[in-house]
Amino acid sequence: MANYTTITFEHGNRVALVTLNRPDSLNALNQEVMSEVAHVFAEIDRNKDIAVSVLTGEGRAFAAGADIKEMAPQGFSDMYVEDYFAGWDRFAASRKPVIAAVNGFALGGGCELALMCDLIIASDKAKFGQPEIKLGVTPGMGGSIRLTKAVGKAKAMDMVLTGRMIDGTEADRIGLVSRVVPHDTLMEEAMKAAKEIASYSLPSLMAAKEMVGRALELPTTEGVRFERRLFQGLFGTEDQKEGMAAFTEKRAPVFKDR
Ligand code: CO8
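As recorded in an unreviewed UniProt entry, the chain goes by enoyl-CoA hydratase and comes from Hyphomonas johnsonii MHS-2. Regarding the chain, the relevant UniProt record gives this comment under Sequence similarities (unreviewed entry): "Belongs to the enoyl-CoA hydratase/isomerase family." The UniProt entry for the chain carries this comment under Function (unreviewed entry): "Could possibly oxidize fatty acids using specific components."

Here it is as structure tokens:
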């Protein structure tokens, strides 16, 4: 297992926990965090003992955005030629379900990072926002598209043009998050959801993640066709036989991820 300096990583019982760990700078996302997050999620995708992950932040923030101090001196060619944020696309392409457990500030790239995850479980003390406009820029890590798809134009424009922060309860009301829970129960609830997901068959979890992800990009007919092919493919797994046999025999299924 790699040694990480800006994140922590642990796993057990098919659930991984990845924690952004730069609390002194509110887990600002610098190049090192990006590269370690991309690396750990590639490791998670390869690890047969892990089915689902929880991503959270240490301290007061999930992540307060891209690291402004690191980003400030960059020019166009640094950003463009080096494709400065490319590592986040690698995270977004990870194939097993990821739950964002949003414990505090999720601003700018931090909000965009949460939106790359599959479920967002937010503390009622969480604060979401796209404040980039205040820095003379815009969202740059997929926020304009993922946020707009999640909450619609009216709310996305409000957040992106004014940079105002919304709390977990408003985020829940507008559909930005999957669930909002009392702050003190956040990790318990996130781990409970992870444990439930981890009890299912990995091929069906990965297929479900892939098809819902594609649903946001494809026209309806193509989306339905894509879903149908994956659904049909699952009838080639032992776990489909086991899941349906267990239902008929009124017992709990024993999945083998095959
Ligand atoms: N980058 C670098 N350092 C940060 C950041 C950040 N985004 N956010 C906070 N910090 C640092 C502060 O500078 C401070 O450090 P120090 O103690 O050395 O002065 C420390 O974290 C604590 O922060 P504050 O003292 O400011 O704490 P407050 O409780 O007073 O305020 C806020 C909390 C409101 C969250 C405030 O820190 C803030 O406004 N932060 C900036 C939020 C922001 O503008 N985020 C958007 C950044 S731009 C962006 O994300 C672009 C996305 C495009 C691509 C993303 C790729 C990753």
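Don't stop here, the text continues.
A. Highlighting the overall build of the chain. Secondary structure assignment for the chain yields 12 helices and 10 strands. Projecting the C-alpha coordinates of the chain onto the three principal axes gives extents of approximately 60 × 45 × 40 Å. Classification of the 258 residues of the chain by burial places 37% in the buried group. Long-range contacts, defined here as pairs at least 24 residues apart, represent 71% of the contacts in the chain between residues at least 6 apart.

B. Region of interest: unusual backbone geometry. In this structure, Asn13 takes a positive phi of about 50° despite not being glycine. Within the secondary structure, Asn13 is located in the loop between strand S1 (7-12) and strand S2 (15-20). Unlike most non-glycine residues, Lys250 shows phi in positive territory, near 55°. For Lys250, the location among the structural elements is in the segment after helix H12 (238-248).

C. Region of the structure containing the sheet that holds strand S8 (residues 127-129). Read across the sheet, four strands follow the order S4-S6-S8-S9 without closing on themselves; strand pairing throughout is mixed. Across the chains shown, the open sheet's two edge strands, defined by having one partner strand only, are strand S4 (61-63) and strand S9 (166-167). Bridge count for S4 against strand S6 (residues 105-107) is two bridges, and the pairing is parallel. Each bridged residue has a counterpart across the sheet, and for Ala61 the counterpart in S6 is Phe105.

D. Spotlight on the nonpolar core. In this structure, Ile99, Ala100, Ala106 and Ala114 are the most contacted members of the largest nonpolar core, which totals 65 residues. The residues contacting Ala114, other than those within four sequence positions of it, are Phe62, Ala100, Val102, Ala106 and Ile120.

E. Structural context of the sheet that holds strand S10 (residues 179-181). An order of S1-S2-S3-S5-S7-S10 is seen for the six strands of this open sheet, with the pairing classed as mixed. Of all the strands in the sheet, just S1 and S10 have a single pairing partner and so form its edges. Pairs of neighbouring strands in the sheet enclose a mean axial angle of 20°, with direction left out of account. Most of the contacts of helix H1 (residues 31-46) go to S1, to which it runs at about 15°, and overall it touches S1, S2 and strand S3 (52-57).

F. Representation of the pairing of strand S7 (residues 119-123) in the model. Summarising burial for S7: four of the five residues are buried, a large majority. One ladder, built from three bridges, connects S7 with S10; its direction is parallel. Bridge pairing in S10 links Ala122 to Val180.

Calculation criteria
- Throughout, residues of each chain are indexed from 1 in the direction in which the sequence is written.
- For a predicted model such as this one, the threshold for reporting local features is a pLDDT of at least 70, and the threshold for listing and counting side-chain atom pairs is 80 or more; totals across whole chains, interfaces and linings nevertheless cover every residue.
- UniProt positions are given in the numbering used here, feature names are shortened, and annotations may be inferred rather than shown by experiment.
- Put simply, DSSP marks the helices as runs of H or I at least four residues long and the strands as runs of E at least two long, and each gets a number from the N terminus on.
- Counting other C-beta atoms within 10 Å of a residue's C-beta gives its exposure: the residue is buried at 20 or more, exposed at 12 or fewer, and partly exposed in between, where C-beta atoms are placed from the backbone.
- Once C-beta atoms have been placed from the backbone, residue pairs whose C-beta atoms lie within 7 Å are recorded as contacts.
- Should DSSP find at least two bridges between two strands, the strands are taken to pair.
- For this entry, the nonpolar core is defined as buried Ala, Val, Leu, Ile, Met, Phe, Trp, Tyr and Cys residues connected by C-beta atoms within 7 Å.
- Structural elements are reduced to axes, namely lines fitted to C-alpha atoms, with helices fitted over the stretch in contact, and the angle between N-to-C directions of any two is expressed from 0 to 180 degrees.

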